[in-house]
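If you want the building blocks of each chain, they are given just below.
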Amino acid sequence: MAAITAEAVKALRERTGAGMMECKKALQETNGDLEAAAEIMRKTGLAKADKKAGRVAAEGVVVIERSADGRKAVLLEVNSETDFVAREADFQGFAAAVAKAALEAQPKDLEALLATALPSGKTVEETRRELIARIGENIGVRRFELIAADAPLASYRHGTRIGVVVAITGGDDALGHDLAMHVAAINPQYLGAEDVPADQVAKEREIYLAQVAADPKAQGKPAEIVAKMVDGKLRKFLAEVTLLGQPFVKDDKLAVAEVLKRAKATVVRFVRYEVGAGIEKKQENFAAEVMAQVRGA
């Protein structure tokens, strides 16, 4: 039997709108033949959501589920096509049930999560497809993150669209909550300067060198002065993109690093989800749509 690659499963899923487990099974039955697998799924009705699967689902909810001792948490994003559906009780109940299942089962990846059983006895994927059929919109379990720590985790959810979990040692619950709110509001990309990829730092340095070279105020300056100007710009960039370097949201005279130092606390890790982040949304032009309908009539 030919090895079934993740790329083949992804291609079949995009084509049919079926779940990963069904796609993998169909490919195994057809020894990796994509066309034959798609035909099998059409015959068995597993590809019934194919039209809906092609539609962009960039709305939805972010859910946080925590263990009783607060030391484990799951951050989960489930998407829908419209905000209207994202507010529906059935959709939100599904998202909450998936988050609880993820916390209990601790699946290693999204495929494993979709195969996890819910209290109904059906898998996450089976329930998702039933929800699509009932609601009439594309619905997807997009991503999840399992976070564990030696101390209780801090968390914050802004409405249903932004969720943050922070692993922190030292400090108190109030500080943890404030830091989670800071991450939600300011959206740092990294924890500290050492976490910023070297290639990104090198690219920024190259840009700042070009900027300084084109700056009339830098003309004729000694090389060490030019280097200091570039280093200053780079330090400002690193402060803007890192949690530790950012001005604290509740006291912008202090950097987060200083706030932590005064509290004798350390942030070990943080995870932030925002609904639809990174999904390219279709831009609707309603005026053009209406004109097209008029011309068609």
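As the structure is a computational prediction, the values presented were derived from the model and not from experiment.

A. Focus on the pattern of salt bridges. Within the structure shown, the criterion is met by 13 salt bridges. Linking Arg 142 and Glu 77 is a salt bridge whose minimum nitrogen-to-oxygen distance equals 3.2 Å. Taken together, the positions of Arg 142 in strand 3 (residues 140–148) and Glu 77 in strand 2 (residues 72–80) put the pair 65 residues apart, joining distant regions of the chain. Judged by its relative accessible area of 28%, Arg 142 is partly exposed. A salt bridge links Glu 130 to Lys 122; the shortest N-O distance between them is 2.6 Å. Judged by relative accessible area, Lys 122 falls into the partly exposed class, the value being 35%. Taken together, the salt bridges that share partners define one network made up of Glu 77, Arg 142 and Arg 143.

B. Geometry of the confidence of the model for the protein. Residue-level pLDDT values for the protein average 88, and 88% of them are 70 or greater. In the model of the protein, helix 4 (residues 50–53) stands out as the element of lowest mean pLDDT, 53, in contrast to helix 12 (residues 256–263), which has the highest, 98.

C. Region of the structure containing helix 10 (residues 198–214). Look at helix 10: 25 Å from first C-alpha to last across 17 residues, which is about the 24 Å you get at 1.5 Å a residue. By the burial criterion, the buried members of helix 10 are Val 201, Glu 204, Tyr 208 and Val 212. Relative to the axis of helix 10, the buried residues are bounded by an arc of 75 degrees and lie together on one face. Exposed positions of helix 10 whose direction lies more than 90 degrees from the buried face are Asp 199, Lys 203, Glu 206, Ala 213 and Ala 214. Against helix 11 (223–241) lie the buried residues of helix 10.

D. Geometry of the packing of helix 6 (residues 89–105) against helix 8 (residues 124–135). Put simply, helix 6 and helix 8 touch, their axes get as near as 11 Å, and they point 175 degrees apart. By the angle between their axes, helix 6 is roughly antiparallel relative to helix 8. Of the residues in helix 8, those in contact with Asp 90, Phe 91, Phe 94 and Val 98 of helix 6 are Val 124, Thr 127, Arg 128, Leu 131 and Arg 134. Split into classes, the residues belonging to the contact of helix 6 with helix 8 amount to five nonpolar, one polar and three charged.

E. Local environment of the pairing of strand 7 (residues 251–255). Sheet topology places strand 6 (residues 247–248) next to strand 7; two bridges connect them, and they run antiparallel. Pairing of Phe 248 across the sheet is with Asp 251, part of strand 7. Here strand 6 folds back onto strand 7 in antiparallel fashion, the turn holding two residues.

F. View of helix 1 (residues 6–16). For helix 1, the full list of buried residues reads Val 9, Leu 12 and Thr 16. Here the buried residues of helix 1 occupy an arc of 70 degrees about the axis, which is enough to place them on one side. Along helix 1, the residues that are exposed and aim more than 90 degrees away from the buried face are Ala 6, Glu 7, Lys 10 and Glu 14.

G. Geometry of the packing of aromatic side chains. If you walk through the whole model with that rule in mind, you get zero aromatic pairs. The positively charged end of Arg 143 is found above the aromatic ring belonging to Tyr 273, 3.9 Å away from the centroid.

H. Structural view of the nonpolar core. Ranked by internal contacts, the top residues of the largest apolar core, which has 35 residues, are Leu 12, Leu 76, Val 78, Phe 91, Phe 94, Leu 113 and Val 141. Sequence-distant contacts of Leu 113, that is, excluding residues within four places in its chain, are made with Leu 76, Val 98, Ala 102, Pro 107, Val 124, Val 141 and Phe 144. Ranked by size, the runner-up nonpolar core spans 21 residues in total, among them Val 166, Leu 179, Phe 248 and Leu 254.

I. Layout of the sheet that holds strand 3. Taken together, three strands build an open sheet; the order of strands is 1-2-3 and the sheet is antiparallel. Two strands close off the open sheet at either side, each with one partner strand: strand 1 (59–66) and strand 3. Direction aside, neighbouring strands of the sheet carry axes that sit 15 degrees apart on average. With eight bridges joining them, strand 2 and strand 3 adopt antiparallel strand pairing. Residue Glu 77 lies in a different strand from strand 3, and its bridge partner there is Arg 143. Across the sheet, helix 6 is in contact with strand 1, strand 2 and strand 3; its angle to strand 2 comes to roughly 145 degrees.

J. Molecular detail of the pairing of strand 1. Of all the eight residues making up strand 1, six are buried; the element is thus mostly covered by neighbouring parts of the structure. Sheet topology note: the strand 1/strand 2 ladder contains eight bridges and is antiparallel. Residue Gly 60 lies in a different strand from strand 2, and its bridge partner there is Asn 79. Linking strand 1 back to strand 2 in an antiparallel pair, the connection comprises five residues, with Gly 70 at a positive phi of about 75 degrees.

K. A look at the side chain of Glu 204. Summarising the element assignment, Glu 204 is placed in helix 10. Here Glu 204 occupies a buried position and makes no salt bridge, while the nearest side chain of opposite charge, Lys 203, is found at 6.5 Å. Apart from residues no more than four positions distant in its own chain, Glu 204 is found in contact with Leu 234 and Phe 237.

The rules behind each value
- Residues numbered from 1 in each chain as written.
- Predicted model: local features only at pLDDT ≥ 70, side-chain atom pairs only at ≥ 80, totals over all residues.
- Heavy atoms only, no water.
- Salt bridge = Lys/Arg side-chain N within 4 Å of Asp/Glu carboxyl O.
- Helix = DSSP H or I, 4+ residues; strand = E, 2+ residues; numbered from the N terminus.
- Buried < 20%, exposed > 50% of the residue type's maximum accessible area, 1.4 Å probe, protein only.
- pLDDT = per-residue confidence, 0-100.
- Expected span 1.5 Å × (residues − 1).
- Arc of directions from axis to C-beta.
- Contact = heavy atoms within 4.5 Å.
- Axes fitted to C-alpha atoms, helices over the stretch in contact; angles between N-to-C directions.
- Parallel < 35°, antiparallel > 145°, perpendicular 65-115°, else oblique.
- Nonpolar A, V, L, I, M, F, W, Y, C, P; charged D, E, K, R; others polar.
- Pairing = 2+ DSSP bridges.
- Phe/Tyr/Trp six-rings, centres within 6.5 Å; stacked < 30°, edge-to-face > 60°.
- Lys NZ or Arg CZ within 6 Å of the ring centre and 35° of its normal.
- Core = buried A, V, L, I, M, F, W, Y, C linked by side-chain atoms within 4.5 Å.
- Lys, Arg positive; Asp, Glu negative; His and termini not counted.

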